[in-house]
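# Chain and residue survey
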Amino acid sequence: MTSYSDYKDQYLASLDVEARRVHDEVYEAAGVAMELAGIAYQARQGAGLTQKQLAERMGTTQSSIAAVENGARTPTVNFLDRLARACDARLTVRIDAA
């Protein structure tokens, strides 16, 4: 049985330059979405709110909160700011060195 790591290496090796560029962009974008999903979840949990309660405070829907928390939707800065305020927190944006 091939390990996931081996399979991934084989798959990436089979891509041409353009396909690899697209793959890397999508993978990175998904990584950011998942990081933001975790941040949103932690903020909501830290505030002791359910998804429904947070949605009500933000003037949005529970399904919108769920989509952000599961990484299906990448939130805008405006959405994150509203989320932070609804959790009695403050949004801080930072760029770190690679």
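Thresholds, definitions, all that
- Residues numbered from 1 in each chain as written.
- Predicted model: local features only at pLDDT ≥ 70, side-chain atom pairs only at ≥ 80, totals over all residues.
- Heavy atoms only, no water.
- Helix = DSSP H or I, 4+ residues; strand = E, 2+ residues; numbered from the N terminus.
- Buried < 20%, exposed > 50% of the residue type's maximum accessible area, 1.4 Å probe, protein only.
- Arc of directions from axis to C-beta.
- Contact = heavy atoms within 4.5 Å.
- 1 Å grid on protein atoms, 1.4 Å probe; cavity = no way out; pocket = protein on both sides within 12 Å on 5 of 7 lines; lining within 4 Å.
- Points joined across faces, edges and corners; volume = space filled by probe spheres on them.
- Axes fitted to C-alpha atoms, helices over the stretch in contact; angles between N-to-C directions.
- Parallel < 35°, antiparallel > 145°, perpendicular 65-115°, else oblique.
- Left-handed = near helix turned anticlockwise from the far one by under 90°.
- Nonpolar A, V, L, I, M, F, W, Y, C, P; charged D, E, K, R; others polar.

Another point: the environment of V32. Inspection of the secondary structure assignment puts V32 in helix α2 (residues 17–46). A residue is classified by how much of its surface remains accessible, and V32, at 40% relative accessible area, is partly exposed. Each C-alpha atom of the pair V32 and G71 lies 9.0 Å from the other, and the pair is 39 residues apart in sequence.

Bringing helix α3 (residues 51–58) into the picture now. Those residues of α3 not exposed but buried are Q51, L54, A55 and M58. The buried residues of α3 occupy an angular sector of 100° when projected down its axis, which confines them to one face. The exposed set on the far side of α3, more than 90 degrees from its buried face, consists of K52 and E56. Packing partners of the buried residues in α3 comprise α2, α4 (62–69) and α5 (77–86). The first or second residue beyond α3 is G59, which carries a positive phi of 75°.

Vacant regions in the atomic arrangement are exposed by a probe of water-molecule size rolled over the atoms. Quantified by volume, the largest pocket comes out at close to 670 Å³. Lining the largest pocket are 18 residues, with L36, I39, L80, T92 and V93 positioned closest to its centre. At the level of elements, α2 and α5 are the ones that each hand at least two residues to the lining of the largest pocket. By residue number, the principal contributor to the lining of the largest pocket is α2, which donates six residues.

The next subject is unusual backbone geometry. For D88, which is not glycine, the phi torsion reads 55° and is therefore positive. Counting through the fold element by element, D88 comes out in the segment after α5. Residue class for D88 comes out exposed when judged on its relative accessible area of 69%.

Turning our attention to the packing of α3 against α4. Taken N-terminus to C-terminus, the directions of α3 and α4 make an angle of 110°; their axes are 8 Å apart at the nearest point. Relative to α4, α3 is oriented roughly perpendicular. Crossing handedness for the pair α3 and α4: right-handed. Contacts between α3 and α4 pair Q51, K52, L54, A55 and M58 from the former with Q62, I65, A66 and E69 from the latter. Split into classes, the residues belonging to the contact of α3 with α4 amount to five nonpolar, two polar and two charged.

Purely geometric numbers; function is a separate question.
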